[in-house]
Amino acid sequence: MKISQQLIDEMVAHAREDLPNECCGMIGGRDGEATSVVRVENAAASPLRYEMDPQGQFDALKAIEGAGEELLGIYHSHTRSAAYPSQTDVNQAVAWPEQVYVIVSLENEDAPDVKANDLADLKIADVELDLA
């Protein structure tokens, strides 16, 4: 997925603002290039997992589609672990199997790590984030 440093910075800022809890949101774009990040409230309000607020999720998808974009990905943060999907992350991905899953790790808060994965079929495959 192509993505700008500005959008990565927006996701990192969201992750930091929502500490101590995980953050979550949606990534919109066109033709495999991310063009927007839409924050969604973490209804779980937990440092260990995320659950997108249903109304927020609906509103985010509506905003993405209203801008003429398509949903390219889902992002969330890990507050104390690496930017690698947990089993919970993999299990949750069955709801949106076609999306790229981006994780912002604040394990080392001074050096956030951002990685992407394809989680279709309950398998983890790396996805390259190509800075556009």
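So, here's what we can say about the structure. (Residues numbered from 1 in each chain as written. Predicted model: local features only at pLDDT ≥ 70, side-chain atom pairs only at ≥ 80, totals over all residues. Heavy atoms only, no water.)

**Points about the side chain of serine 77**
Piece 1. Take serine 77: it is sitting in strand 4 (residues 70–78).
Piece 2. Apart from residues no more than four positions distant in its own chain, serine 77 is found in contact with Ala15, Asn21, Glu22, Cys23 and Val104. (Helix = DSSP H or I, 4+ residues; strand = E, 2+ residues; numbered from the N terminus. Contact = heavy atoms within 4.5 Å.)

**Observations concerning the pairing of strand 3 (residues 33–40)**
Looking along a regular strand, one sees the side chains alternate between the two faces of the sheet.
Piece 1. Where strand 2 (residues 24–30) meets strand 3, 7 bridges bridge the pair, whose relative direction is antiparallel. Across the sheet, residue methionine 26 finds its bridge partner in strand 3, namely valine 38.
Piece 2. Linkage of strand 2 to strand 3, two consecutive antiparallel strands, is achieved through a turn of 2 residues, within which aspartate 31 is found at a positive phi near 50°. (Pairing = 2+ DSSP bridges.)

**Some remarks on the pattern of salt bridges**
Piece 1. Applying the stated criterion across every chain, the model contains 3 salt bridges.
Piece 2. Residue arginine 49 is joined to glutamate 51 by a salt bridge in which the shortest nitrogen-to-oxygen separation is 3.4 Å.
Piece 3. One salt bridge in this structure joins aspartate 113 and lysine 115, with 3.3 Å as the shortest N-O distance.
Piece 4. Note on aspartate 113: relative accessible area 30%, which makes it partly exposed. (Salt bridge = Lys/Arg side-chain N within 4 Å of Asp/Glu carboxyl O. Buried < 20%, exposed > 50% of the residue type's maximum accessible area, 1.4 Å probe, protein only.)

**Quick word on the nonpolar core**
Piece 1. Within the largest apolar cluster, 20 residues are counted, with the highest numbers of intra-cluster contacts made by Met1, Met11 and Val102.
Piece 2. The set of elements that each furnish at least two residues to this core consists of helix 1 (5–17), strand 3, strand 4, strand 5 (100–105) and strand 6 (113–118).
Piece 3. Broken down by element, the residue count for this core peaks at 5 residues, all from helix 1.
Piece 4. Non-local contacts of methionine 1, meaning those with residues more than four positions away in its chain, are made with Ile27, Gly32, Ala34, Leu72, Val100, Val102, Val127, Glu128, Leu129 and Asp130.
Piece 5. Val40, Met52, Ala60 and Leu119 belong to the second largest nonpolar core, which has 14 residues in total. (Core = buried A, V, L, I, M, F, W, Y, C linked by side-chain atoms within 4.5 Å.)

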